[in-house]
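Residues per chain are reported as follows:
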Amino acid sequence: MSEPSAGRRVKFPYTYTAKVVQFPYQHYVKNQWIWRFYFIAFGLSLPLFYKLQSLANMPANKEKWAESKRKQMEQLDHH
């Protein structure tokens, strides 16, 4: 005797895993605009994020930040 097929679908998916497996992802990706524009916007924003990260980690900016934190700690110590 052979075992029942593992790919058989139930009428109503009771478990969370069955719900995830049977969710119509392809339908939503194809028919909703948000999915396409999300990936396009993500790709277009990567250069901006890279530039902001490199500006934030410049040595001059790190020194300025350290000086500002040092002054803030001095003010807290005097109170």
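Residues numbered from 1 in each chain as written. Predicted model: local features only at pLDDT ≥ 70, side-chain atom pairs only at ≥ 80, totals over all residues. Heavy atoms only, no water.

1. Describing the overall build of the protein
For the protein, the helix and strand inventory stands at four helices and zero strands. The globule rule puts the C-alpha radius of gyration for 79 residues at 12 Å, and the 27 Å found for the protein is more than 25% above it. Classification of the 79 residues of the protein by burial places 4% in the buried group. With the model as given, the accessible surface of the protein reaches about 8,200 Å², and the carbon-plus-sulfur share is 65%. The positive charge centre, built from 12 side chains, and the negative charge centre, built from 5, are 22 Å apart in the protein. (Helix = DSSP H or I, 4+ residues; strand = E, 2+ residues; numbered from the N terminus. Rg over C-alpha atoms; globule rule 2.2 N^0.38 Å. Buried < 20%, exposed > 50% of the residue type's maximum accessible area, 1.4 Å probe, protein only. Areas by Shrake-Rupley, 256 points an atom, 1.4 Å probe, with all protein chains shown as cover. Lys, Arg positive; Asp, Glu negative; His and termini not counted. Charge placed at Lys NZ, Arg CZ, Asp CG, Glu CD.)

2. A closer look at the pattern of salt bridges
Inspection of every chain in the model, using the stated rule, returns two salt bridges. Residues Arg70 and Glu67 are paired through a salt bridge, measuring 2.4 Å at the closest nitrogen-oxygen approach. In this pair, Arg70 and Glu67 are both assigned in helix α4 (residues 59-78), three residues apart and thus about one turn of the helix distant. Owing to a relative accessible area of 39%, Arg70 belongs among the partly exposed residues under this scheme. For Glu67, a relative accessible area of 31% gives the class partly exposed. Here Glu74 ties to Arg70 by a salt bridge, and the two come within 2.3 Å at their closest N and O atoms. Placement of the pair is Glu74 and Arg70 together in helix α4, with a separation of four residues, close to one helical turn. The network of salt bridges with common partners includes Glu67, Arg70 and Glu74. (Salt bridge = Lys/Arg side-chain N within 4 Å of Asp/Glu carboxyl O.)

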